[in-house]
Amino acid sequence: MRLYLSSFRLGDHTDRLTALAPPPGPALVINNAIDFVDPQTRATRAREELQRLRSLGYDCEELDLAEHLDDPSGLPELLAGAALLWLRGGNVFVLRHLLAATGADRLIIDLLRRDAVAYGGYSAGVCVLGPHLRRLDSCDDPDQLRDTYGVEPRFDGLGLLDRVVVPHLDSPDHFECAALARIAAEHEAAGEAHLDLRDGDVWLVEPGNGHGELLPRR
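What you are looking at is a predicted structure, and each value in this text was computed from that prediction instead of being measured.

Participant: Mind laying out the packing of aromatic side chains, listing which residues take part and the relevant values?
Facilitator: In total, this model carries four aromatic pairs according to the counting rule given. A centroid spacing of 6.0 Å and a plane angle of 85 degrees characterise the contact between Phe8 and Tyr122, whose relative ring orientation is edge-to-face. Of this pair, Phe8 sits in the loop between strand S1 (3-6) and helix H1 (14-20) while Tyr122 is found in strand S5 (residues 118-122), placing the two residues 114 residues apart along the sequence. For Phe8, a relative accessible area of 29% translates into the label partly exposed. One aromatic cluster in this structure is built from Tyr4, Phe8, Trp86 and Tyr122.

Right, dumping it as structure tokens:
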């Protein structure tokens, strides 16, 4: 597998991202973790996400999974045509729902296990890869999923990582820093393995390095 897992946005090691998945790509950007915000704000944030990747030389476009809820039959071809999948942060329960409801989760798992695509992202886009999403409901509000899609949250992750991810630690500029510090402490007290990331940090998984490597913030 090839994974570039950042705590916040692109992280401090974009040279390793472009080595892992050389530009121009193509890259698909999945912004569904912010589906709960108003449409104008969502559109603005989606454009900003695309621009950040384009600044690295990627030829990228958005893949809106919500457009495939009624008919996901085109997703296998779309996902298979990408060299990089980038999943931004937001609400992990909203993102998890869209991945499951469209079957994109199974497709992405298969592509990654065959090393047919690289996966990058941050915050919710990283947390969703863990074995479960328990405790994250004290940070990401499940009501945002209920209000947007009218469904209950699911707490299973994609299981591509053997531990839960806790981003934004020791990152006082991030509004969720304190809540996630409490979540990390709860995992520690329960003896649960967790991957702690500070903003700027990146967890990198490359072929031949399946356990991953922490690239600390600069």
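Participant: I'd love a proper account of empty space enclosed by the protein, names of residues and values included.
Facilitator: Going through the model one piece at a time under the given rule, you end up with two cavities of 30 Å³ or more. As a volume, the largest cavity reaches approximately 60 Å³. Contributions of two or more residues to the lining of the largest cavity are made by helix H6 (124-127) and strand S6 (164-169). By residue class, the composition of the lining of the largest cavity is seven nonpolar, three polar and two charged.

Participant: Explain the nonpolar core to me, and be specific about the residues and the numbers.
Facilitator: If you look at the biggest cluster of nonpolar residues, it comprises 47 residues, and the most contacted ones within it are Leu99 and Tyr119. Broken down by element, this core gets its largest block of residues, six residues, from helix H4 (residues 92-102). Leaving out residues up to four positions away in the same chain, Leu99 has contacts with Leu65, Leu87, Ala104, Asp105, Ile108, Val128 and Leu158. In terms of nonpolar packing, the next biggest core, distinct from the first, is built from 18 residues, Cys60, Leu84, Ala118 and Tyr122 among them.

Participant: Describe in detail the layout of surface pockets, supporting the description with residues and values.
Facilitator: The space that makes up the largest pocket amounts to roughly 390 Å³. Looking at the largest pocket, it is lined by 21 residues, and the ones nearest its centre are Arg45, Arg88, Gly90, His174 and Phe175. The element that contributes the greatest number of residues to the lining of the largest pocket is helix H2 (residues 39-54), accounting for three residues. The volume enclosed by the second largest pocket comes to roughly 150 Å³. Residue lining of the second largest pocket: Met1, Leu160, Leu161, Asp162, Arg163, Leu195, Trp203, Val205, Gly210 and His211, and that is the complete set. Looking at the lining of the second largest pocket, the elements that each hand over two or more residues are strand S8 (202-206) and strand S9 (209-215). Here the lining of the second largest pocket is composed, by residue class, of six nonpolar, two polar and two charged.

Participant: How would you sum up the side chain of Arg2? Please name residues and give values.
Facilitator: As for its position among the elements, Arg2 is in the segment before S1. The buried category is assigned to Arg2, whose relative accessible area is 14%. There is a polar contact of 2.6 Å between the side chain of Arg2 and the side chain of Asp115. The residues touching Arg2, leaving out its near neighbours within four places in the chain, are Leu20, Leu112, Asp115, Ala116, Val117, Ala118, Tyr119, Val205 and Pro207.

Participant: Tell me about the pattern of salt bridges, and name the residues and values.
Facilitator: Using the criterion set out here, one finds 19 salt bridges in the structure. Residue Glu186 pairs with Arg135 through a salt bridge whose shortest N-O separation is 3.8 Å. Placement of the pair is Glu186 in helix H8 (residues 177-189) and Arg135 in the loop between H6 and helix H7 (142-149), with a sequence separation of 51 residues. One connected set of salt bridges, linked through shared partners, spans Asp35, Arg42, Glu62 and Asp64.

Rules and cut-offs
Residues numbered from 1 in each chain as written. Predicted model: local features only at pLDDT ≥ 70, side-chain atom pairs only at ≥ 80, totals over all residues. Heavy atoms only, no water. Phe/Tyr/Trp six-rings, centres within 6.5 Å; stacked < 30°, edge-to-face > 60°. Helix = DSSP H or I, 4+ residues; strand = E, 2+ residues; numbered from the N terminus. Buried < 20%, exposed > 50% of the residue type's maximum accessible area, 1.4 Å probe, protein only. 1 Å grid on protein atoms, 1.4 Å probe; cavity = no way out; pocket = protein on both sides within 12 Å on 5 of 7 lines; lining within 4 Å. Points joined across faces, edges and corners; volume = space filled by probe spheres on them. Nonpolar A, V, L, I, M, F, W, Y, C, P; charged D, E, K, R; others polar. Core = buried A, V, L, I, M, F, W, Y, C linked by side-chain atoms within 4.5 Å. Contact = heavy atoms within 4.5 Å. Polar contact = N/O pair within 3.5 Å; in protein donor to acceptor, adjacent residues only side chain to side chain. Salt bridge = Lys/Arg side-chain N within 4 Å of Asp/Glu carboxyl O.

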